[in-house]
Amino acid sequence: MKNRTQQNIQWLSIAILFMATVYVAFIYFQMIHQLWLNQSENHIVWNPDKRVWQIFIIAARFLSVTLLYVFCWIFLVRTNRSLRNGVIFPRSNIALIQWTALVTVLLTFARSNYSDVLQGGTNSVLDSNTLFIPLAVLLFAGLYKMAYLTAKDSSLAI
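Note that the coordinates shown come from a computational prediction; the quantities given were computed from them, not determined experimentally.

### Quick look at the packing of aromatic side chains
Piece 1. Using the criterion set out here, one finds six aromatic pairs in the structure.
Piece 2. Arranged with centres 6.4 Å apart and planes meeting at 80°, the rings of tyrosine 69 and tryptophan 73 form a pair that is edge-to-face. A residue pair is termed a helical-turn pair when its members lie 3 or 4 positions apart in one helix, as tyrosine 69 and tryptophan 73 do in helix 2 (residues 51-84) at four residues.
Piece 3. Their ring planes at 90° and their centres at 5.3 Å tell us that phenylalanine 89 and tyrosine 144 sit as a pair that is edge-to-face. One end of the pair, phenylalanine 89, is in the loop between helix 2 and helix 3 (92-118); the other, tyrosine 144, is in helix 4 (residues 129-157), with 55 residues separating them in the sequence.
Piece 4. In textbook terms, an aromatic cluster arises when at least three aromatic residues are bridged by ring pairs, as seen for Trp53, Phe56 and Phe109.

Structure follows, in C-alpha cells:
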C-alpha cells in the first residue's frame, strides 16, 4: 500500500479517536451530572420498586459506551499496525466487529430506556434499533470477513 494512503488512514484514525474521546467524555460527564451533581429537573428519580432495573440500565449504558470506545481503539490500532506490515484487513478484527455487534445490542437497549429510567418510570422499551443496528454491524463483519478472504486469496495468487 502506498505510503500516502497509510498516512491518510493514520490521520483519519487520529480524528476518529479524538471525536470518540470527546463523545465518551461527554457521556460520562452527562451521566455523572445526572446521577450526583445536578439537583434540578434532569436529576434521576429513584423508584423503590424499579431500583434494580434503573441500576441495570445505567450500568449497561456506562459499560457499553466504555466497551465500544475500547473496541474502537483496538480496531484502529490493529488496522494501522497491520497496514505497516502490508496486510490490509487483519483477521483479528473480524471477531472484534462481531463482539461490537453484541455490545451494540446492550447499548441500544440501554439508550432506549435511559430517559424513562431517569424519570423513575416503570416502562421498558424495545425499539427497532435494538435489533437493526446490531444486524447492520454483523453485516459489516461479514463484509469485512469477505474482504479479508479476498485479500488473502489475492496475496496467495501473486
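### Quick look at the nonpolar core
Piece 1. Ranked by size, the top nonpolar core spans 20 residues in total, and within it Met31, Ile44, Ile57, Ile58, Val65 and Tyr114 carry the most contacts.
Piece 2. For this core, the elements supplying multiple residues, two or more each, are helix 1 (3-37), helix 2 and helix 3.
Piece 3. Leave out the neighbours within four places in its chain, and isoleucine 58 touches Met31, Leu35, Ile44, Trp46, Tyr114 and Val117.
Piece 4. In terms of nonpolar packing, the next biggest core, distinct from the first, is built from seven residues, Ile97, Val137, Ala141 and Tyr148 among them.

### Quick look at helix 2
Piece 1. With 34 residues, helix 2 should reach 50 Å at 1.5 Å per residue; the first-to-last C-alpha distance of 50 Å fits that figure.
Piece 2. Count one or two residues on from helix 2 and you reach glycine 86, which has phi positive near 90°.

### Considering the packing of helix 2 against helix 3
Piece 1. In the contact formed by helix 2 and helix 3, the axes pass within 8 Å of each other and the chain directions differ by 150°. When the axes of helix 2 and helix 3 are compared, the pair comes out roughly antiparallel. Read as a crossing pair, helix 2 and helix 3 show a hand that is left-handed.

### Thoughts on a nonpolar patch on the surface
Piece 1. A cluster of nonpolar side chains, namely Leu12, Ile16, Phe18, Met19 and Val22, defines an oily patch on the protein surface of about 510 Å² accessible area.
Piece 2. Mapping phenylalanine 18 onto the fold places it in helix 1.
Piece 3. Judged by its relative accessible area of 58%, phenylalanine 18 falls in the exposed class.

### Observations concerning the environment of serine 82
Piece 1. Turning to its location among the elements, serine 82 is positioned in helix 2.
Piece 2. Aside from chain neighbours lying at most four places away, what touches serine 82 is Val87, Ile88 and Pro90.

### What about the packing of helix 1 against helix 2?
Piece 1. Where helix 1 contacts helix 2, the axes come no closer than 11 Å and their chain directions differ by 170°. On the basis of their axis angle, the class for helix 1 and helix 2 is roughly antiparallel.
Piece 2. When the residues that make up the contact of helix 1 with helix 2 are grouped by side-chain class, the tally is 17 nonpolar, seven polar and two charged.

### Structural notes on helix 3
Helical geometry note: an α-helix holds 3.6 residues per turn, so side chains three or four residues apart project in the same direction.
Piece 1. A rise of 1.5 Å per residue sets the reference length of helix 3, with its 27 residues, at 39 Å; its end C-alpha atoms lie 38 Å apart and thus fit the reference within 8%.
Piece 2. Its axis deflected by about 35° at serine 112, helix 3 carries its strongest bend there.
Piece 3. The positive-phi residue at the C-terminal boundary of helix 3 is glycine 120, with phi of around 80°.

Cut-offs applied
Throughout this description, residue numbers start from 1 for each chain and increase along the sequence as written. For a predicted model such as this one, the threshold for reporting local features is a pLDDT of at least 70, and the threshold for listing and counting side-chain atom pairs is 80 or more; totals across whole chains, interfaces and linings nevertheless cover every residue. Side-chain figures throughout are based on the complete set of non-hydrogen atoms in the structure, without hydrogens or water. What counts as a ring pair is set by centres within 6.5 Å for rings of Phe, Tyr and Trp (its six-membered ring), and what kind of pair is set by the plane angle: stacked under 30 degrees, edge-to-face over 60, tilted for all other angles. The helix count covers DSSP runs of H or I at least four residues long, the strand count covers runs of E at least two residues long, and both are numbered beginning at the N terminus. We call a set of buried Ala, Val, Leu, Ile, Met, Phe, Trp, Tyr and Cys residues a nonpolar core when their side-chain atoms join them within 4.5 Å. Between buried and exposed lies partly exposed: a residue is buried under 20% and exposed over 50% of the maximum accessible area for its type, with that area taken using a 1.4 Å probe on protein chains only. In this analysis, two residues are considered to be in contact whenever any of their non-hydrogen atoms come within 4.5 Å of each other. Each residue after the first adds 1.5 Å to the expected span of a helix. Helix axes use the C-alpha atoms of the stretch in contact, all axes being lines fitted to C-alpha atoms, and the angles between their N-to-C directions lie in the range 0 to 180 degrees. These descriptions rest on fixed angle ranges, namely under 35 degrees for roughly parallel, over 145 for roughly antiparallel, 65 to 115 for roughly perpendicular, and the rest for oblique. Each helix crossing is assigned a hand: it is left-handed if the near helix lies turned anticlockwise from the far helix by less than a right angle, otherwise right-handed if that turn is clockwise. Each patch groups residues whose relative accessible area exceeds 30% and which form no salt bridge, using 9 Å between like charges and 5 Å between nonpolar side chains of Val, Leu, Ile, Met, Phe, Trp and Tyr. What sets the accessible areas is the Shrake-Rupley method with a 1.4 Å probe; for residues, cover comes only from the shown protein chains. A carboxyl oxygen of Asp or Glu within 4 Å of a side-chain nitrogen of Lys or Arg is what we treat as a salt bridge. By the convention adopted, Pro, Cys, Tyr, Trp, Phe, Met, Ile, Leu, Val and Ala count as nonpolar, Lys, Arg, Asp and Glu as charged, and the other residues, Gly among them, as polar. Bend at a given residue is defined as the angle between two axes, one fitted to the seven residues that end at that position and one fitted to the seven that begin there.

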